[in-house]
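# Observations on the model geometry
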Amino acid sequence: MKYRTIGTDPHTSREVSVLALGAMLFGSRTDEETSFALLDRYVEAGGNFIDTSDNYAFWVDGGQGGQSEELLGRWRRSRGIGDEIFIATKLGARPLAPGTSYIDNPEGLSAKVIRESAERSRERLGVDKLDLLYAHIDDPTVPQRETVEGFAELVAEGTVGLLGVSNQAAWRVERARAIAAAAGLPGYEVLQYAHSYLRPRTDVSSDMFPDGSLGHAGPDLLTYLRADPALTLVAYSPLLKGSYTYPARLPADYDHPGTPVRLTVLHEIARETGATANQVVLAWQLGGGLPIIPLAGASTLAQLEENLAAVDLELTEEQRARLDAAH
């Protein structure tokens with residue numbers, strides 16, 4: 001395993017593995033025995049960065065989520081895990097009632113919700129401190145200053161370490177960080193957005209993003225990342241839910257003329273290296289010029305082993321140039 005430091009404050013910054021493990025379906029679609037085996041193998045391989053959320057996985061049973069955090073809490077207790085394992089969680093998108101979702105009934109980002117939801121997450125995980133806490137989705141109904149101050153209070157109290165943000169417009173992230181900086185408060189330092197080798201159309205509207213997707217790391221976010229050394233991108237869905245192995249799974253917003261061109265180059269380099277397409281994608285993210293930590297889930301040990309092997313895959317500069325130039 002390889003490691004990198006996230007965060008700039010020496011009191012809260014941490015050294016984490018360059019490949020994070022997504023626990024979204026642990027305790028729901030992925031049963032406890034399998035989940036524990038995946039967690040054990042990841043840690044055995046040197047991994048120490050696990051990602052979850054307070055709303056995972058509400059859509060499986062129509063509830064409010066919490067299964068993933070609860071499973072991680074049971075695993076921690078059964079294995080005697082302490083603060084050597086870095087666990088990130090999120091709040092803001094938990095449905096307030098069973099049968100609803102983050103579209104029509106989210107918990108939001110008020111100071112009250114931030115405090116109460118963080119406390120529930122600490123209880124489920126069985127920790128005194130949340131290593132990294134994200135604002136999962138935006139909440140335009142709450143003044144950004146209230147959200148910024150709500151998160152900062154938890155950092156000051158020592159119940160939260162680093163702060164992160166996901167699925168928000170880059171200008172909203174920068175505005176929140178500016179508010180925090182002007183007040184001398186900790187701000188978002190970790191960005192979690194969808195990012196992979198294939199590029200989606202971001203103009204496709206949805207219930208959550210009527211003007212087009214804000215959940216992908218597009219040009220605005222990547223140039224922001226390049227310009228600010230305090231930031232790290234945790235790239236979720238780097239393998240597009242198995243689409244590189246099973247092309248029929250590729251989401252509709254990737255159906256455009258650039259996709260076949262990039263896939264052709266990707267598979268050429270996979271053949272050259274003797275690696276899988278998934279491994280080339282992860283290696284491309286890991287060894288590039290931007291501070292990117294791929295966040296990859298797994299439902300089988302074989303999938304996890306494939307992902308772990310990508311950490312040691314070294315692409316040549318010529319191969320990287322070809323991958324980057326394809327469009």
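For the structure given in this document, a descriptive report is provided here. (Residues numbered from 1 in each chain as written. Predicted model: local features only at pLDDT ≥ 70, side-chain atom pairs only at ≥ 80, totals over all residues. Heavy atoms only, no water.)

### Quick notes on helix α7 (residues 219–227)
Looking at α7, one finds that the buried residues are Leu 221, Leu 222, Tyr 224 and Leu 225. Looking down the long axis of α7, one finds its buried residues gathered within 155° of arc, a one-sided arrangement. Turned more than 90 degrees from where α7 packs its buried face, Pro 219, Asp 220, Arg 226 and Ala 227 sit exposed. On the buried face of α7, the contacting elements are α6 (170–182), β8 (190–194), β9 (232–236) and β10 (292–297). (Buried < 20%, exposed > 50% of the residue type's maximum accessible area, 1.4 Å probe, protein only. Helix = DSSP H or I, 4+ residues; strand = E, 2+ residues; numbered from the N terminus. Arc of directions from axis to C-beta. Contact = heavy atoms within 4.5 Å.)

### Side note on the nonpolar core
In this structure, Phe 49, Ile 50, Phe 151, Leu 191 and Leu 233 are the most contacted members of the largest nonpolar core, which totals 69 residues. Those residues in contact with Leu 191 that lie beyond four places of it in its chain are Val 165, Val 173, Leu 221, Leu 225, Leu 231, Thr 232, Leu 233 and Val 234. Counting residues in hydrophobic clusters, the runner-up holds 22 residues, among them Leu 198, Ala 270, Val 280 and Val 281. (Core = buried A, V, L, I, M, F, W, Y, C linked by side-chain atoms within 4.5 Å.)

### Structural notes on the packing of α6 against α7
For the pair α6 and α7, the least separation of the axes is 9 Å and the interaxial angle reads 35°. Contacts between α6 and α7 involve Ala 170, Val 173, Glu 174 and Arg 177 from the first element and Asp 220, Leu 221 and Tyr 224 from the second. Its residues assigned to classes, the contact of α6 with α7 comprises 4 nonpolar, no polar and 3 charged. (Axes fitted to C-alpha atoms, helices over the stretch in contact; angles between N-to-C directions. Nonpolar A, V, L, I, M, F, W, Y, C, P; charged D, E, K, R; others polar.)

### Regarding the packing of aromatic side chains
In total, this model carries 6 aromatic pairs according to the counting rule given. Residues Phe 151 and Tyr 188 carry aromatic rings whose centres are separated by 6.1 Å and whose planes lie at 70° to one another, so their mutual orientation is edge-to-face. A residue pair is termed long-range when its members are at least 10 positions apart, and Phe 151 in helix α5 (residues 144–157) and Tyr 188 in the loop between α6 and β8 qualify at 37 residues. Taken individually, Phe 151 and Tyr 188 each receive the classification buried, so the pair is uniform in this respect. (Phe/Tyr/Trp six-rings, centres within 6.5 Å; stacked < 30°, edge-to-face > 60°.)

### Here's the deal with the packing of helix α9 (residues 277–286) against helix α11 (residues 317–325)
Relative placement of two packed helices is described by the angle separating their axes and the distance separating the axes. One can describe the packing of α9 onto α11 by two numbers: an axis separation of 11 Å at closest approach and a directional angle of 100°. With respect to α11, the element α9 is oriented roughly perpendicular. Two secondary-structure elements touch here, α9 through Val 280, Ala 283 and Trp 284 and α11 through Arg 320, Leu 323 and Asp 324. Classifying every residue of the contact of α9 with α11 gives 4 nonpolar, no polar and 2 charged. (Parallel < 35°, antiparallel > 145°, perpendicular 65-115°, else oblique.)

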